[in-house]
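Listed below are the residues making up each chain.
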Amino acid sequence: MAEDKYLDCNVHSFTDSVYEIQTEYDNTSVLDFLKYYPTNYFQNSSTYFEQRDILNEEKIVTFKNHIYENLKLFVDQTLNKNFFEIKISWFQKYQEQDFHEIHTHGFEKNAYSLIFYVDASKDSAETTFFRAGYPYIMGFGTINIKPQAGKLVIFPQHLPHCAQPNKDKTRLIFSANFIVGS
């Protein structure tokens, strides 16, 4: 009788996921807060609000709580981790024809980014994600996310992505980079 043999195999893959979560949030307080907040124009393509750790503003504590509650659920239930820390956060406003060129948010281990659509219309620009390695690795398609107020999108921070040219004056996003751990 032959002895049972077991295959010792290491598995490697290049699979990355983009997570799309629709939440319920009344954006009135954030819109009121940002109405008078100083802005800068970013690379001739969109406007960002000057503070890069904007979640620390007391006037938007309910928004911060909403983001943290959803991130905790995501980190616990989807990633099976029990720790996350937001490293940097900001808002970005798009006017008509504004866009954001293809970019990544870094290459840190266990690092993710998020986009939360604070406001959007049917004409707001989609966010397009590309396979890691783009433009050097091509032919694997893209993921297009249609903005909708209250939608939370989470992705590994190394994924190339862009905002297509915008067709309204409504598109307003919150973004953040965060790390996760055990």
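For the structure itself, look to the data block above.
These numbers come from a predicted model, not from an experiment.

Enquirer: I'd love a proper account of the pairing of strand β7 (residues 127-130), names of residues and values included.
Expert: Every second residue of β7 is oriented toward a common face, with T127 and F129 on one face and T128 and F130 on the other, all of them buried. Sheet analysis places β7 next to strand β8 (residues 142-145), joined by four bridges and oriented antiparallel. Looking across to β8, one finds that F130 is bridged to T142. Summarising the sheet, β7 and strand β10 (residues 161-163) pair through three bridges and their orientation is antiparallel. In the sheet register, T127 faces β10, and the bridge partner there is A163.

Enquirer: I'd like a rundown of the packing of aromatic side chains, residues and numbers included.
Expert: A complete count under the given rule lists 14 aromatic pairs for this structure. Arranged with centres 5.5 Å apart and planes meeting at 70 degrees, the rings of F63 and F116 form a pair that is edge-to-face. One end of the pair, F63, is in helix α2 (residues 61-77); the other, F116, is in strand β6 (residues 111-119), with 53 residues separating them in the sequence. Judged by its relative accessible area of 0%, F63 falls in the buried class.

Enquirer: Tell me what's going on with the pattern of salt bridges, and back it up with residues and numbers.
Expert: Enumeration over the complete set of coordinates arrives at five salt bridges. Where K87 meets E85, a salt bridge forms, and the shortest distance between an N and an O atom there is 3.8 Å. The partly exposed category is assigned to K87, whose relative accessible area is 42%. In this structure, D123 and K122 form a salt bridge, with 3.5 Å as the shortest nitrogen-oxygen distance.

Enquirer: Give me the lowdown on α2, citing residues and values where you can.
Expert: The first and last C-alpha atoms of α2 sit 24 Å apart over 17 residues, in line with the 24 Å expected at 1.5 Å per residue. Listed as buried for α2 are F63, H66, I67, N70, L71, F74 and V75. All buried residues of α2 fall inside an arc of 155 degrees around its axis, so they share one side. Along α2, exposed side chains directed more than 90 degrees from the buried face belong to E69 and Q77. Its buried side turned inward, α2 meets β1 (19-22), α1 (28-35), β4 (83-93), β6, β9 (151-156) and β11 (172-181).

Enquirer: Could you give an account of the environment of N27, naming the residues involved and the relevant values?
Expert: With respect to the helices, strands and loops of the structure, N27 is situated in the loop between β1 and α1. What makes N27 buried here is its relative accessible area of 15%. As for N27 and D119, which are separated by 92 residues in sequence, their C-alpha atoms are 7.4 Å apart. In contact with N27, not counting residues within four places along its chain, are V118 and D119. In terms of polar contacts, N27 uses its side chain to reach the backbone carbonyl oxygen of V118, at 2.7 Å.

Enquirer: Talk me through the side chain of S89; I want residue IDs and the actual numbers.
Expert: In this fold, S89 is placed in strand β4. A polar contact is formed between the side chain of S89 and the backbone nitrogen of I54, at a distance of 3.3 Å. Those residues in contact with S89 that lie beyond four places of it in its chain are Q51, R52, D53, I54, L55, F174, S175 and A176.

About the thresholds
- Residues numbered from 1 in each chain as written.
- Predicted model: local features only at pLDDT ≥ 70, side-chain atom pairs only at ≥ 80, totals over all residues.
- Heavy atoms only, no water.
- Buried < 20%, exposed > 50% of the residue type's maximum accessible area, 1.4 Å probe, protein only.
- Helix = DSSP H or I, 4+ residues; strand = E, 2+ residues; numbered from the N terminus.
- Pairing = 2+ DSSP bridges.
- Phe/Tyr/Trp six-rings, centres within 6.5 Å; stacked < 30°, edge-to-face > 60°.
- Salt bridge = Lys/Arg side-chain N within 4 Å of Asp/Glu carboxyl O.
- Expected span 1.5 Å × (residues − 1).
- Arc of directions from axis to C-beta.
- Contact = heavy atoms within 4.5 Å.
- Polar contact = N/O pair within 3.5 Å; in protein donor to acceptor, adjacent residues only side chain to side chain.

Function cannot be inferred from these measures alone, as they are strictly geometric.
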